[in-house]
Amino acid sequence: MANRGKMSTRTMVTGALLTALVFLLQFMGASIKFGTFSISLVLIPIAIGAITCGKGVGTWLGFIFGMAVLASGDAALFWAVNIPGTILTVLLKGMACGFVAGLVYELLTKLFSKSEKNMNYVAATVAALTCPIVNTGVFLLGCLVFFLDTVTVWAGGSGVGSYMIFGLVGVNFLFEMAVNIIFAPAITQIIKVVSKK
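Here is a short report on the structure shown in this document. (Residues numbered from 1 in each chain as written. Predicted model: local features only at pLDDT ≥ 70, side-chain atom pairs only at ≥ 80, totals over all residues. Heavy atoms only, no water.)

## Here's the deal with a nonpolar patch on the surface
Together, Leu-88, Leu-92, Leu-141, Leu-144, Val-145, Phe-146 and Leu-148 make up an exposed nonpolar region whose accessible area comes to about 630 Å². Contributing elements (two or more residues each) for the nonpolar patch: helix 5 (83-111) and helix 6 (119-146). When residues of the nonpolar patch are assigned to their parent elements, the largest contribution, four residues, is made by helix 6. Judged by its relative accessible area of 30%, Phe-146 falls in the partly exposed class. (Patch = residues over 30% accessible without salt bridge, like charges linked within 9 Å, V, L, I, M, F, W, Y side chains within 5 Å. Areas by Shrake-Rupley, 256 points an atom, 1.4 Å probe, with all protein chains shown as cover. Salt bridge = Lys/Arg side-chain N within 4 Å of Asp/Glu carboxyl O. Helix = DSSP H or I, 4+ residues; strand = E, 2+ residues; numbered from the N terminus. Buried < 20%, exposed > 50% of the residue type's maximum accessible area, 1.4 Å probe, protein only.)

## Considerations on the nonpolar core
Counting residues in hydrophobic clusters, the biggest one holds 29 residues, and the most contacted among them are Val-22, Ile-46, Phe-65 and Cys-131. Contributions of two or more residues to this core are made by helix 1 (2-29), helix 2 (43-53), helix 3 (55-72), helix 5, helix 6 and helix 8 (160-196). Considering each element in turn, this core owes the most residues, seven residues, to helix 2. (Core = buried A, V, L, I, M, F, W, Y, C linked by side-chain atoms within 4.5 Å.)

## A look at the packing of aromatic side chains
Taken as a whole and judged by the stated rule, the model has six aromatic pairs. Plain terms: the ring middles of Phe-23 and Phe-27 are 6.2 Å apart, the flat faces sit at 10° to each other, and that makes the pair stacked. Note that Phe-23 and Phe-27 are positioned in helix 1 at a spacing of four residues, about one turn of the helix. The exposure class assigned to Phe-23 is partly exposed, which follows from its relative accessible area of 34%. Aromatic pair Trp-60 and Phe-63: ring centres 5.9 Å apart, planes at 35°, arrangement tilted. Placement of the pair is Trp-60 and Phe-63 together in helix 3, with a separation of three residues, close to one helical turn. The exposure class of Trp-60 is partly exposed, given its relative accessible area of 44%. Members of the aromatic cluster, connected to one another through ring pairs, are Phe-78, Phe-139, Phe-146, Phe-147 and Trp-154. (Phe/Tyr/Trp six-rings, centres within 6.5 Å; stacked < 30°, edge-to-face > 60°.)

## Things to note about the packing of helix 6 against helix 8
Between helix 6 and helix 8, the least distance of the axes is 8 Å, while the angle of their chain directions is 155°. When the axes of helix 6 and helix 8 are compared, the pair comes out roughly antiparallel. Two packed elements cross with a definite hand, and for helix 6 against helix 8 that hand is right-handed. Its residues assigned to classes, the contact of helix 6 with helix 8 shows 21 nonpolar, six polar and two charged. (Axes fitted to C-alpha atoms, helices over the stretch in contact; angles between N-to-C directions. Parallel < 35°, antiparallel > 145°, perpendicular 65-115°, else oblique. Left-handed = near helix turned anticlockwise from the far one by under 90°. Nonpolar A, V, L, I, M, F, W, Y, C, P; charged D, E, K, R; others polar.)

## Section: the pattern of salt bridges
Where charged atoms of side chains with opposite charge meet at close range, the side chains can pair. Tallied over the full model, the rule gives two salt bridges. Taking the shortest distance from any N to any O, the salt bridge between Glu-106 and Lys-55 comes out at 2.8 Å. Taken together, the positions of Glu-106 in helix 5 and Lys-55 in helix 3 put the pair 51 residues apart, joining distant regions of the chain. Classification of Glu-106 by relative accessible area gives partly exposed; the value is 25%. Under the relative-accessibility criterion, Lys-55 is labelled partly exposed at 25%. In this structure, Lys-110 engages Glu-106 in a salt bridge whose closest nitrogen and oxygen atoms are separated by 3.7 Å.

Shown next as structure tokens:
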């Protein structure tokens with residue numbers, strides 16, 4: 001029973017620290033742009049939270065990410081087109097990436113025996129990879145559902161699919177995926193080692 005309380009306190013403290021980090025990184029990262037949109041460095045703490053604290057914390061951090069995106073003006077291009085669609089897309093993409101990353105980590109750690117060396121790191125890496133894939137995937141779905149006419153105009157009337165992949169998300173997605181795969185699993189392992197001591 002005492003252990004449960006300790007874990008709960010650790011989860012709350014970790015979640016609170018990562019929440020602050022999500023806000024900080026979103027507002028700092030809003031000024032770093034490759035192409036149309038800023039780089040989402042916040043996917044790193046979202047993945048870390050989902051891996052170390054579970055999908056509930058991952059979902060919460062994704063929600064905070066969405067709120068920070070809306071507050072930072074990073075979704076300004078879409079506000080002018082469809083306010084409810086913007087809010088739904090931004091919040092859903094953040095929450096989904098945190099939830100799915102936590103779910104993937106949970107499922108993979110159950111599949112692999114704890115005695116198998118490095119499997120925990122592999123599970124963390126796959127979960128970290130999942131985060132930007134889901135974030136970008138939900139964003140693209142939101143563009144199709146709520147902003148297709150606008151995106152078609154931006155694309156010049158043709159080649160909408162190519163424009164969405166290469167114009168809207170291209171370099172940003174590759175950068176986000178690379179930094180998440182490098183940093184999230186490594187930081188997660190450090191947190192796990194430190195918390196055991």
